[in-house]
Amino acid sequence: MGKKDIKKAVALRYDRAQDEAPKVTAKGQGKVAENIIEIAQAHGVPVKDDPDLVEVLSSLEIDQEIPSEIYVAVAELLAFVYSANSNRS
């Protein structure tokens, strides 16, 4: 199994009232990544499969805000989440 074959996951949180940018709240690979995804799905949190973005986000520390260089990619992710949430209503 190559490095690219290992499942990775990163969870983000963004609270407009208190955060300037989304923050990493959890990250992991292998079984930890599977658990992050399972917990998100169990709580109705939309999950998007974007290996390139996960690679970038997994280099950040827990509670670290995302850097401005990836705002566009994360904005696309947030648009996906908002769309998924509105489709459930």
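Residues numbered from 1 in each chain as written. Predicted model: local features only at pLDDT ≥ 70, side-chain atom pairs only at ≥ 80, totals over all residues. Heavy atoms only, no water.

Turning our eyes to something else, we now look at the environment of threonine 25. Position of threonine 25 among the secondary structure elements: in strand S2 (residues 23-29). Since its relative accessible area comes to 34%, threonine 25 is described here as partly exposed. Placed 39 residues apart in sequence, threonine 25 and glutamine 64 show a C-alpha to C-alpha distance of 8.2 Å. Beyond its immediate chain neighbours, meaning those up to four positions away, threonine 25 contacts Ala11, Leu12, Arg13 and Ile62. (Helix = DSSP H or I, 4+ residues; strand = E, 2+ residues; numbered from the N terminus. Buried < 20%, exposed > 50% of the residue type's maximum accessible area, 1.4 Å probe, protein only. Contact = heavy atoms within 4.5 Å.)

A separate point is helix H1 (residues 31-42). For H1, which comprises 12 residues, the first-to-last C-alpha distance of 16 Å matches the rise-based estimate of 16 Å (1.5 Å per residue) to within 8%. Within H1, the full set of buried residues consists of Ala33, Ile36, Ile37 and Ala40. Buried residues of H1, seen end-on, are gathered within an arc of 95° and therefore sit on one face of the element. In H1, the exposed residues that point more than 90 degrees away from the buried face are Lys31, Ile39 and Ala42. Structurally, H1 contributes buried residues whose contacts are with strand S1 (8-13) and S2. Count one or two residues on from H1 and you reach glycine 44, which has phi positive near 75°. (Expected span 1.5 Å × (residues − 1). Arc of directions from axis to C-beta.)

You can see glutamate 34 is positioned in helix H1. Sequence spacing of glutamate 34 and alanine 9 is 25 residues, and the spatial spacing of their C-alpha atoms is 7.5 Å.

Evaluation of the coordinates by the stated rule reveals 0 aromatic pairs. Directly above the ring of phenylalanine 80 sits lysine 48, whose terminal nitrogen or CZ lies 5.4 Å from the centroid. (Phe/Tyr/Trp six-rings, centres within 6.5 Å; stacked < 30°, edge-to-face > 60°. Lys NZ or Arg CZ within 6 Å of the ring centre and 35° of its normal.)

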